[in-house]
Amino acid sequence: MASHILAETQPGVARTIARAFAASATLREAMLRMLEGLGPQLGFAAGLYWERDAAADVLRFVMIWRAPEIIIPDFEAASRARVFRRGEGLPGRVWERGKWTVIPDLSTDTNFPRRDSGLRDQLRSAVAFPIGDGVLEFFHREGILDEHRLEETAQLLAAHLEEFLRRAAALEAERISEARRAAILEAAIDSVVSMDAAGRVTDWNAAAERMFGWSREEARGREMAELIVPPSLRENHRRGLARYVKTRQSALLNRRMELLGMRKDGSEFPVELTIARIPIEGTLAFTGYLRDLTERRRAEAESREREAFRERFIGILGHDLRSPIQAILGSTYQLRKAALSETEHQSLARIGTSAQRMSRMIDDLLDLTRGRLGGGIPVSPRTMDLAQTAAQVIEETRAAHPGREIVLEVQGEASGQWDPGRMEQLLSNLTVNAVVHGAPNKPVSIGIAGKADHVEIAVHNEGAPIPEGDRERIFDPFRRAAPEGGKGLGLGLYIAREIARAHDGELSLDSSAEQGTTFRVLLPRVR
């Protein structure tokens with residue numbers, strides 16, 4: 001009764017859960033359908049399924065789903081590398097309690113080992129549901145989790161899981177009954193087509209009707225090759241079936257294949273096909289599971305178009321825009337030698353300064369494009385001394401900001417294998433940020449501390465703290481530490497963090513009214 005009431009309050013969720021279990025032969029297959037179905041319906045960014053390893057008595061990563069356009073490389077890598085014991089992390093807690101659990105704010109949860117990677121990938125909240133000896137885990141990027149709706153979802157999952165496990169045990173003992181098999185076929189999201197040893201259609205579910213355009217009545221008894229196999233592939237299909245009937249050997253059974261299907265109107269489209277032999281004694285029969293790949297292929301084509309656009313964009317930034325800027329800079333350098341009035345020299349200086357600023361903006365945009373779309377900012381490490389680079393950056397910053405006090409303190413050995421140009425860029429971005437946003441009557445300090453296997457850089461300024469809600473967002477592209485900040489594009493802190501990561505390091509932030517603001521960089525000496 002409760003399941004029926006819940007199905008009325010959340011019909012879409014109820015249908016997804018029911019169909020996922022009804023159309024799946026294994027729990028893993030059901031969980032894949034669950035991730036792909038529940039994730040979008042409940043507005044999640046990503047979902048994972050964890051399964052118990054009985055021998056080690058731990059939960060291990062099984063699969064992940066991500067919403068379109070969601071990229072979470074750090075969190076996905078951290079999840080794939082983890083196992084959880086009872087009570088450990090969100091999966092371990094749900095496993096131990098046997099009850100669904102919500103984390104409203106990942107940043108404040110003290111028992112979430114993947115917190116740092118999750119926050120880097122902008123995951124904010126989470127919920128997990130017990131699934132037998134496994135755990136289904138979902139993550140949200142924004143908004144507030146509706147715990148009433150999640151409670152209903154948990155009850156639906158529990159009710160249908162119990163039914164699924166009971167059905168699985170029955171199927172193991174007595175095979176599948178014709179009535180249950182018909183119900184599963186009807187509820188399946190994918191097309192399910194069965195045929196006999198002669199290749200004639202014996203079953204044709206509703207999804208197959210929608211996919212191919214033939215009704216069940218039209219399809220039954222017809223040769224499957226004539227209905228859904230393009231003419232160019234039919235003879236291969238017939239020969240393969242005849243060979244299996246004769247030898248009982250085939251390399252195609254129980255494997256996923258991508259090939260062309262044909263609709264009733266003769267149009268061809270890409271499908272994914274898995275063929276399984278129906279295990280009924282004394283009868284040779286087969287079932288094919290087909291999924292339309294049209295949308296996937298369209299998405300792949302769009303991805304290729306985006307990649308081509310990215311390459312064109314990098315080319316424009318790297319050449320078409322930079323070349324005229326270099327011409328302007330070169331011309332201003334030549335004109336400095338000419339006999340000009342004081343006013344003309346001042347105008348020339350403004351032109352040169354503006355051109356240099358434009359050149360830096362182009363470099364920042366190029367770094368943004370590489371960092372977000374091209375696999376990270378490229379670096380060329382070689383032996384260098386961070387203390388020397390920091391001293392040079394301080395001298396240049398003082399020249400641009402006369403009267404500002406900037407102090408450098410070095411402890412221990414400051415040399416290592418890093419990209420000199422990128423380190424200068426990182427130090428400059430952090431130092432200028434501290435000068436612009438720090439208290440004007442207080443010094444900016446740069447500390448470099450050499451440890452055994454790494455070097456720590458700390459850039460500190462006094463002044464108003466960065467609000468807690470903004471401390472992660474200021475590392476996003478086109479964000480600044482303060483609304484009025486700077487004349488740049490707001491890429492400085494983003495690029496500084498990407499440079500640190502490109503050297504297998506990390507950039508973090510501490511900010512309070514009492515202690516001021518400190519950007520801290522940890523850099524391994526050898527990448």
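Reading the values: the criteria
Residues numbered from 1 in each chain as written. Predicted model: local features only at pLDDT ≥ 70, side-chain atom pairs only at ≥ 80, totals over all residues. Heavy atoms only, no water. Pairing = 2+ DSSP bridges. Helix = DSSP H or I, 4+ residues; strand = E, 2+ residues; numbered from the N terminus. Salt bridge = Lys/Arg side-chain N within 4 Å of Asp/Glu carboxyl O. Axes fitted to C-alpha atoms, helices over the stretch in contact; angles between N-to-C directions. Parallel < 35°, antiparallel > 145°, perpendicular 65-115°, else oblique. Left-handed = near helix turned anticlockwise from the far one by under 90°. Contact = heavy atoms within 4.5 Å. Nonpolar A, V, L, I, M, F, W, Y, C, P; charged D, E, K, R; others polar. Patch = residues over 30% accessible without salt bridge, like charges linked within 9 Å, V, L, I, M, F, W, Y side chains within 5 Å. Areas by Shrake-Rupley, 256 points an atom, 1.4 Å probe, with all protein chains shown as cover. Buried < 20%, exposed > 50% of the residue type's maximum accessible area, 1.4 Å probe, protein only. Polar contact = N/O pair within 3.5 Å; in protein donor to acceptor, adjacent residues only side chain to side chain. Phe/Tyr/Trp six-rings, centres within 6.5 Å; stacked < 30°, edge-to-face > 60°. Lys NZ or Arg CZ within 6 Å of the ring centre and 35° of its normal. Expected span 1.5 Å × (residues − 1). Arc of directions from axis to C-beta.

Overview of the pairing of strand β11 (residues 285-292)
Stage number 1. Taken together, the 6 bridges between strand β7 (residues 191-196) and β11 define a ladder with antiparallel strand orientation. Note that in β11 the partner of aspartate 196 across the bridge is alanine 285.
Stage number 2. Both strand β10 (residues 268-277) and β11 contribute to a ladder of 7 bridges, which runs antiparallel. Residue pairing across strands places arginine 277 opposite phenylalanine 286, the latter belonging to β11.

Notes on the pattern of salt bridges
Stage number 1. Applying the stated criterion across every chain yields a total of 30 salt bridges.
Stage number 2. The salt bridge partner of aspartate 133 is arginine 52, with a shortest N-O separation of 3.7 Å. Within this pair, whereas aspartate 133 is found in the loop between β5 (125-131) and β6 (134-140), its partner arginine 52 is found in strand β1 (residues 46-53), the two being separated by 81 residues in sequence.

A word on the packing of helix α2 (residues 11-22) against helix α3 (residues 27-41)
Stage number 1. It is the contact of α2 with α3, at a shortest axis distance of 8 Å, that shows an interaxial angle of 160°. By the criterion of interaxial angle, the relationship of α2 to α3 is roughly antiparallel. Crossing angle aside, the handedness with which α2 passes α3 is right-handed. Here Gly12, Val13, Thr16, Ile17, Ala20 and Phe21 of α2 lie close against α3, whose contacting residues are Leu27, Ala30, Met31, Arg33, Met34, Gly37, Leu38 and Gln41.
Stage number 2. A breakdown of the residues in the contact of α2 with α3 according to their chemical character gives 9 nonpolar, 4 polar and 1 charged.

A closer look at the packing of helix α16 (residues 420-437) against helix α17 (residues 492-502)
Stage number 1. Running from N to C, α16 and α17 point in directions that differ by 145°, and their axes come no closer than 9 Å. The hand of the α16/α17 crossing is left-handed. In this structure, α16 contributes Arg422, Met423, Gln425, Leu426, Asn429, Leu430 and Asn433 to the contact, and α17 contributes Gly492, Leu493, Ile495, Ala496, Ile499 and Ala500.
Stage number 2. Taken together, the residues that form the contact of α16 with α17 break down as 8 nonpolar, 4 polar and 1 charged.

Focus: a nonpolar patch on the surface
Stage number 1. A contiguous nonpolar patch, built from Leu233, Leu259 and Leu260 and spanning about 210 Å² of accessible area, is present on the exposed surface.
Stage number 2. Turning to its location among the elements, leucine 260 is positioned in strand β9 (residues 256-262).

A closer look at the side chain of arginine 93
Stage number 1. Positionally, arginine 93 belongs in helix α5 (residues 89-97).
Stage number 2. Arginine 93 sits in the buried class, given a relative accessible area of 10%.
Stage number 3. Looking at arginine 93, its side chain comes within polar contact range of the side chain of aspartate 109, at 3.0 Å.
Stage number 4. If we ignore the near neighbours within four places in the chain, the residues touching arginine 93 are Gly87, Glu88, Ile103, Asp109 and Asn111.

A few points about unusual backbone geometry
Stage number 1. Of note, the phi angle at aspartate 57 is positive, near 55°, even though the residue is not glycine.
Stage number 2. We classify aspartate 57 as partly exposed; its relative accessible area is 29%.

Overview of the packing of aromatic side chains
Stage number 1. One pass over the full model with this rule turns up 12 aromatic pairs.
Stage number 2. Summarising the aromatic geometry, the rings of tryptophan 50 and phenylalanine 84 are spaced 5.0 Å apart at their centres and angled 80° between planes, so their arrangement reads as edge-to-face. With tryptophan 50 in strand β1 and phenylalanine 84 in strand β3 (residues 83-84), this pair connects stretches of sequence that are 34 residues apart. An identical accessibility class is assigned to tryptophan 50 and phenylalanine 84; each is buried.
Stage number 3. Among the aromatic residues, those joined into a cluster by ring pairs are Trp50, Phe61 and Phe84.
Stage number 4. Arginine 86 extends its terminal NZ or CZ atom over the ring of tryptophan 95, reaching a point 4.0 Å from the ring centre.

Regarding the sheet that holds strand β16 (residues 454-461)
Stage number 1. Overall, mixed pairing links the 5 strands, which are arranged β13-β15-β16-β18-β17 in an open sheet. Here the strands that pair on one side only, and so sit at the sheet edges, are β13 (406-411) and β17 (506-512). Within this sheet the neighbouring strands show an average axis-to-axis angle of 15°, counted without direction.
Stage number 2. With 6 bridges joining them, β13 and strand β15 (residues 444-450) adopt parallel strand pairing. Each bridged residue has a counterpart across the sheet, and for glutamine 411 the counterpart in β15 is alanine 449.
Stage number 3. The strands touched by helix α15 (residues 386-400) are β13, β15, β16 and β18 (516-524); relative to β13, the strand with the most contacts, the crossing angle is about 175°.

Some thoughts on the sheet that holds β3
Backbone hydrogen bonds hold the strands of a sheet together, and the pairing may be parallel or antiparallel.
Stage number 1. Here 6 strands make up an open sheet; going across it, the order is β3-β2-β1-β6-β5-β4 and the pairing antiparallel. Only two strands of the sheet have a single neighbouring strand rather than two, namely β3 and β4 (101-103).
Stage number 2. Both β5 and β6 contribute to a ladder of 7 bridges, which runs antiparallel. Each residue of the ladder has a partner; that of phenylalanine 129, found in β6, is leucine 136.
Stage number 3. Set on the sheet, α3 makes contact with β1, β2 (58-66), β5 and β6; between it and β2 the angle comes to about 45°.
Stage number 4. With respect to the sheet, α5 is in contact with β1, β2, β3, β4, β5 and β6, its orientation differing from that of β5 by roughly 35°.

Remarks on α15
Count 3.6 residues to each turn of an α-helix, and residues three or four apart come out pointing the same way.
Stage number 1. The terminal C-alpha atoms of α15, which comprises 15 residues, lie 21 Å apart, in line with the 21 Å expected from a rise of 1.5 Å per residue.
Stage number 2. Leu386, Ala387, Thr389, Ala390, Val393, Ile394 and Thr397 are the residues of α15 that are buried. Buried residues of α15 fall within an arc of 155° about the axis and therefore sit on the same side. Opposite the packed face of α15, turned more than 90 degrees from it, sit the exposed residues Gln388, Glu395 and Ala399.
Stage number 3. Its side-chain oxygen 2.8 Å from the backbone nitrogen of alanine 387, aspartate 385 forms the N-cap of α15.

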